[in-house]
Amino acid sequence: MCFNKGLGEILGVPMPMTDKVLAWAQDCIGLKILENGKMCGPDVVKTRAPQATGISTLADFMTAARIEASGSVPKPLAVESPNFKVVFLRHGESVWNVANIFTGWADVDLSPAGEAEAVEAGKCLKEKGFKFDVVFTSMLRRSIRTAWTVCTYSENFAMPIVNTWRLNERHY
C-alpha cells in the first residue's frame, strides 16, 4: 500500500481512501509515514514507497526501475487534469494459490478461476469506460496473463505494456 501511495503521489493522483487507511495503520503500528497526506514522515524509509529511497519524480522512478521510455510511455499529465487515474490490479488466482502454496517469484500460471477473475475485471473496466495509456506489470506469467486478459476484455489494445522484474512480488 505504501508503494501504491508513493507512486500515486509521484503521478499527482489523489488517493483519499489510501490516505485514510495509511493514517489509521500508522497509528496502530506506531510509525509516522504520512505527514499532511504526503509520504514524507520520518518512518517512510521503513516502507517500500519510492520516497523511501529519495525518488520523488516520475523520471527518477523510471530511472531507478531501469524502465526506458523510448517514446512509448506518455508524458505525465498535469496534476490539474480531472481525468487522470491510476488503476492498480492484482493478478488473478494462481494454481499455487489454489494449492495454498506461497508463490513469491515462482513463475506459476493462473488457475481457471484466476483467468475468470481477469475476464471479469476486464469487463468491469470496459463497462466503466477505462482506456489506458500505458500498462506496467511484473515479469511473472500470472501478472502478464492477467494484464493481457484484462486489456483484451476491456478493449484496450493500443498501449505499451511495460514488464519489469521490479514489480515482481517479494522473493522469500
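Keep in mind it's a predicted model, so treat the numbers as computed, not measured.

What counts, and where the lines are drawn
Residues numbered from 1 in each chain as written. Predicted model: local features only at pLDDT ≥ 70, side-chain atom pairs only at ≥ 80, totals over all residues. Heavy atoms only, no water. Helix = DSSP H or I, 4+ residues; strand = E, 2+ residues; numbered from the N terminus. Rg over C-alpha atoms; globule rule 2.2 N^0.38 Å. Buried < 20%, exposed > 50% of the residue type's maximum accessible area, 1.4 Å probe, protein only. Contact = heavy atoms within 4.5 Å. Areas by Shrake-Rupley, 256 points an atom, 1.4 Å probe, with all protein chains shown as cover. Lys, Arg positive; Asp, Glu negative; His and termini not counted. Charge placed at Lys NZ, Arg CZ, Asp CG, Glu CD. Salt bridge = Lys/Arg side-chain N within 4 Å of Asp/Glu carboxyl O. Core = buried A, V, L, I, M, F, W, Y, C linked by side-chain atoms within 4.5 Å. Polar contact = N/O pair within 3.5 Å; in protein donor to acceptor, adjacent residues only side chain to side chain. Patch = residues over 30% accessible without salt bridge, like charges linked within 9 Å, V, L, I, M, F, W, Y side chains within 5 Å.

J.: Just give me the short version of the overall build of the protein, but keep the residues and values in it.
T.: Helix and strand counts for the protein come out as 6 helices and 2 strands. Starting at the N terminus and ending at the C terminus, the protein contains elements arranged as α-α-α-α-α-β-α-β. By the compact-globule yardstick of 16 Å for 172 residues, the protein fits well, its C-alpha radius of gyration being 17 Å. When the 172 residues of the protein are sorted by exposure, 35% land in the buried category. Taking as baseline every contact in the protein between residues at least 6 positions apart, the subset at least 24 positions apart corresponds to 63%. Counting every atom, the protein has about 10600 Å² of accessible surface; 57% of that belongs to carbon and sulfur. Considering the protein, the positive charge centre built from 19 side chains and the negative charge centre built from 18 side chains are found 1 Å apart.

J.: Quick one: what's the story with the pattern of salt bridges, residue by residue and with numbers?
T.: What the rule picks out here adds up to 7 salt bridges. Taking the shortest distance from any N to any O, the salt bridge between Lys46 and Asp43 comes out at 3.4 Å. The exposed category is assigned to Lys46, whose relative accessible area is 59%.

J.: Report on the nonpolar core, specifying residues and quantitative values.
T.: Leu7, Ile10, Leu11, Val13, Met15, Ile55, Leu58, Phe61, Met62, Ala65, Ile67 and Val162 form the largest nonpolar core, which has 12 residues in total. Secondary-structure elements contributing two or more residues to this core are helix H1 (2–11) and helix H3 (58–64). Ranked by size, the runner-up nonpolar core spans 8 residues in total, among them Ala118, Phe132, Ala147 and Met159.

J.: Residue-level account of unusual backbone geometry, with values.
T.: Positive phi, normally seen in glycine, also occurs at Asn36, with a value near 55°. Here Asn36 lies in the loop between helix H2 (16–29) and H3. Taking relative accessible area as the criterion, Asn36 reaches 84% and is therefore assigned exposed. You will see that Glu155, though not glycine, has its phi angle at about 60°, which is positive. Of note, Glu155 is situated in the loop between helix H6 (141–153) and strand E2 (161–163).

J.: Explain the side chain of Lys5 to me, using residue names and the numbers behind them.
T.: Inspection of the secondary structure puts Lys5 in helix H1. Within the structure, the side chain of Lys5 is placed 3.1 Å from the backbone oxygen of Gly37, a separation counted as a polar contact. Residue contacts for Lys5: discarding those within four places in its chain leaves Met15, Thr18, Asp19, Leu22, Leu34, Gly37 and Met39.

J.: Can you tell me about a nonpolar patch on the surface, naming the residues and giving the values?
T.: Taken together, the side chains of Met1, Val21 and Trp24 define a hydrophobic patch exposed on the protein surface, amounting to about 340 Å² of accessible area. Looking at where Met1 falls in the secondary structure, it is placed in the segment before H1.

J.: A description of the environment of Gly54 should follow, citing residues and the corresponding values.
T.: Inspection of the secondary structure puts Gly54 in the loop between H2 and H3. Among the residues examined, Gly54 registers a relative accessible area of 56% and is labelled exposed. Taking the C-alpha atoms as reference points, Gly54 and Asp107, 53 residues apart in sequence, are found 31 Å from one another.

J.: Go over the environment of Lys38, please, and point to the residues and values.
T.: Within the secondary structure, Lys38 sits in the loop between H2 and H3. Measuring from C-alpha to C-alpha, the distance between Lys38 and Lys131 comes to 28 Å, with 93 residues separating the pair along the chain. Those residues in contact with Lys38 that sit more than four places away from it in its chain are Glu9 and Ile33.

J.: Outline the environment of Ala106, listing residues and values.
T.: Tracing the backbone shows Ala106 in the loop between helix H4 (95–98) and helix H5 (112–127). A residue is classified by how much of its surface remains accessible, and Ala106, at 24% relative accessible area, is partly exposed. Sequence separation of Ala106 and Val134 is 28 residues, and the distance between their C-alpha atoms is 26 Å. With residues up to four places along the chain from it excluded, the contact list for Ala106 reads Trp96, Leu140 and Arg142.

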